[in-house]
Amino acid sequence: MDKKSKTDTAAFLASKSDIPQHVAVIMDGNGRWAKSRGLLRIAGHRKGVERVRDLVTRCVEKGIKHLTLFAFSSENWRRPAQEVQLLMDLFLSALDNEIKKLHKNNVRFRVIGDISRFGDNLISRIRQAETMTLDNKALTLTIAANYGGRWDIAQACAQLARRVQNGETDPATITEASLEPFLSLADAPEPDLFIRTGGEQRISNFLLWQLAYTEMYFTPVLWPDFDRAQFEQALASYAGRQRRFGLTGDQIEAARRA
Ligand code: IPE
Ligand code: IPE
Ligand code: MG
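Every value quoted in this text rests on a predicted model; they were computed, and no experiment measured them.

Engineer: What am I meant to see in the site of ligand 2 here?
Structural biologist: Residues in contact with ligand 2, as listed here, are Ile26, Met27, Asp28, Phe70, Ala71, Phe72, Ser73, Asn76, Arg79, Arg196, Arg202 and Ser204. In the model, an oxygen atom of ligand 2 is placed 3.2 Å from a nitrogen or oxygen of the Asp28 side chain. For ligand 2, an oxygen atom lies 2.9 Å from a polar atom in the side chain of Asn76. Contact with the protein chains hides 79% of the accessible area of ligand 2, taken as 390 Å² for the molecule alone. In this structure the site holding ligand 2 corresponds to the largest pocket. For the shell around ligand 2, the class distribution of residues is five nonpolar, three polar and four charged.

Engineer: Any chance you could explain the pattern of salt bridges here in plain terms?
Structural biologist: A pair can form between side chains of opposite charge whenever their charged atoms are brought close. A complete count under the given rule lists 20 salt bridges for this structure. Note that Arg41 and Glu83 form a salt bridge whose closest N and O atoms lie 2.7 Å from each other. Separated by 42 residues along the polypeptide, Arg41 in helix H3 (residues 41-62) and Glu83 in helix H4 (residues 81-104) bring together distant segments of the chain. Classification of Glu83 as buried rests on a relative accessible area of 11%. Here Glu98 ties to Lys101 by a salt bridge, and the two come within 3.8 Å at their closest N and O atoms. Note that Glu98 and Lys101 are positioned in helix H4 at a spacing of three residues, about one turn of the helix. Residue Glu98 is classed as buried on the basis of its relative accessible area, which comes to 16%.

Engineer: Just to check I follow, could you spell out unusual backbone geometry for this structure?
Structural biologist: In terms of backbone geometry, most residues other than glycine have negative phi values and most peptide bonds are trans. Positive phi, normally seen in glycine, also occurs at Asn106, with a value near 65°. Along the chain, the position of Asn106 falls in the loop between H4 and strand S3 (107-112). Judged by its relative accessible area of 31%, Asn106 is partly exposed. One non-glycine residue, Asn146, lies in the positive phi region at around 50°. Tracing the sequence through the fold places Asn146 in strand S4 (residues 139-147). Judged by relative accessible area, which is 6%, Asn146 ranks as buried.

Engineer: Mind showing me how you'd approach the side chain of Thr142 here?
Structural biologist: Within the secondary structure, Thr142 sits in strand S4. Residue class for Thr142 comes out buried when judged on its relative accessible area of 1%.

Engineer: It is not clear to me how the pairing of strand S5 (residues 193-196) should be interpreted in this structure. Could you clarify?
Structural biologist: Put simply, side chains in a regular strand alternate between the two faces of the sheet. Side-chain alternation along S5 places Leu193 and Ile195 on one buried face and Phe194 and Arg196 on a second face that is also buried. When strand S1 (residues 22-26) meets S5, the two strands line up parallel, connected through four bridges. Bridged to Val25 within S5 is Ile195. Two strands pair when backbone bridges link them, and S5 and strand S6 (residues 215-218) are joined in this way by four bridges, in the parallel orientation. Counterpart to Phe194 in the pairing with S6 is Met216.

Engineer: In this structure, what is going on with the sheet that holds S4? I would like to understand it.
Structural biologist: Think of a sheet as strands paired side by side through backbone hydrogen bonds, with each pair either parallel or antiparallel. Pairing is parallel across the open sheet formed by six strands, whose spatial order is S3-S4-S2-S1-S5-S6. At either margin of the open sheet sits one strand with a lone partner, and together these are S3 and S6. On average, each strand axis in the sheet is tilted by 20° relative to the strand beside it, whichever way the strands run. The sheet strands contacting H3 are S1, strand S2 (66-73), S3 and S4, and the helix crosses S2 at an angle near 160°.

Engineer: Looking at this structure, how should I read the packing of H3 against helix H8 (residues 228-239)?
Structural biologist: Each pair of packed helices gets described by two things: the angle between the helix axes and the distance between those axes. For the pair H3 and H8, interaxial distance at closest approach is 10 Å and the crossing angle is 50°. As the angle between them shows, H3 and H8 are arranged oblique. Both H3 and H8 take part in a crossing whose hand is right-handed. Residue-level inspection shows Leu55, Thr57, Arg58, Cys59, Glu61 and Lys62 of H3 in contact with H8, the latter providing Arg228, Phe231, Glu232 and Leu235. Of the residues assigned to the contact of H3 with H8, the class counts are four nonpolar, one polar and five charged.

Engineer: What's the story with the side chain of Asp28 in this structure? I'm lost.
Structural biologist: In this fold, Asp28 is placed in the loop between S1 and helix H2 (30-35). Of the polar contacts made by the side chain of Asp28, one reaches the side chain of Arg32; its length is 3.4 Å. Excluding its chain neighbours within four sequence positions, the residues that come into contact with Asp28 are Arg196, Thr197, Gly198, Glu200, Leu222 and Trp223.

Analysis parameters
Residues numbered from 1 in each chain as written. Chains lettered and ligands numbered in written order. Predicted model: local features only at pLDDT ≥ 70, side-chain atom pairs only at ≥ 80, totals over all residues. Heavy atoms only, no water. Near = heavy atom within 4 Å. Polar contact = N/O pair within 3.5 Å; in protein donor to acceptor, adjacent residues only side chain to side chain. Areas by Shrake-Rupley, 256 points an atom, 1.4 Å probe, with all protein chains shown as cover. 1 Å grid on protein atoms, 1.4 Å probe; cavity = no way out; pocket = protein on both sides within 12 Å on 5 of 7 lines; lining within 4 Å. Sits in = over half its atoms within 2 Å of the grid points. Nonpolar A, V, L, I, M, F, W, Y, C, P; charged D, E, K, R; others polar. Salt bridge = Lys/Arg side-chain N within 4 Å of Asp/Glu carboxyl O. Helix = DSSP H or I, 4+ residues; strand = E, 2+ residues; numbered from the N terminus. Buried < 20%, exposed > 50% of the residue type's maximum accessible area, 1.4 Å probe, protein only. Pairing = 2+ DSSP bridges. Axes fitted to C-alpha atoms, helices over the stretch in contact; angles between N-to-C directions. Contact = heavy atoms within 4.5 Å. Parallel < 35°, antiparallel > 145°, perpendicular 65-115°, else oblique. Left-handed = near helix turned anticlockwise from the far one by under 90°.

Here's what the structure looks like:
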């Protein structure tokens with residue numbers, strides 16, 4: 001490692017703290033939560049919205065700057081039409097009910113994913129909410145809706161290909177860094193902590209590119225039961241880990257002392 005990259009590594013590691021800057025969550029288990037209580041699946045989704053509200057508040061209190069939530073995957077269209085419709089209705093009503101409070105709390109709201117398939121009303125409400133909260137600084141709350149990690153990489157490639165076609169980029173100079181500005185989360189640091197509730201240990205086509213070095217936390221707790229205490233457990237697990245980014249543990253210790 002040359003001198004410059006050594007200094008960069010030390011500075012990079014010094015910027016990492018026990019509190020993650022960016023938390024990404026797959027909120028899973030709403031349906032099972034409802035089923036186990038003899039309720040309709042939508043009741044689980046409704047309860048899940050309450051947990052989102054709590055988590056946003058917690059993140060603001062803790063000084064976490066980015067929270068990215070998987071709300072609807074590009075594969076979730078395969079669900080029964082009625083559940084898809086109810087989820088869209090819930091998204092719209094949650095947006096209407098919460099956006100003023102989010103704005104008051106200095107939260108920036110935005111959506112990533114291909115929302116062109118959503119109803120016109122929902123699309124315009126999303127755009128309004130994004131514009132209204134654009135300059136808010138406490139926390140960026142990103143909702144991944146009709147999002148897929150493969151879609152994200154493909155759409156970034158399409159944008160880069162357009163630059164090549166226009167003669168603005170030489171294909172011989174393309175590196176990972178050339179693609180990054182076109183990815184959906186380009187303006188956020190990569191997630192430090194990934195949480196998946198509901199017991200499944202898979203990514204389900206969430207942030208494929210951005211999770212390359214993220215710490216993973218899987219819990220069997222169903223999303224509607226993921227309360228403050230559960231979030232504290234996830235944060236404690238994160239704080240207890242040594243992130244090495246390919247280096248050795250000794251190198252990390254030395255960089256921290258530098
Ligand atoms: C996650 O809960 C919410 C969405 C995918 C919209 P699920 O609805 O997947 O709940 P389970 O996995 O069936 O319990
Ligand atoms: C992932 O959950 C997507 C969201 C939470 C929005 P799923 O319930 O759709 O994931 P799979 O199908 O079990 O992998
Ligand atoms: Mg599920």
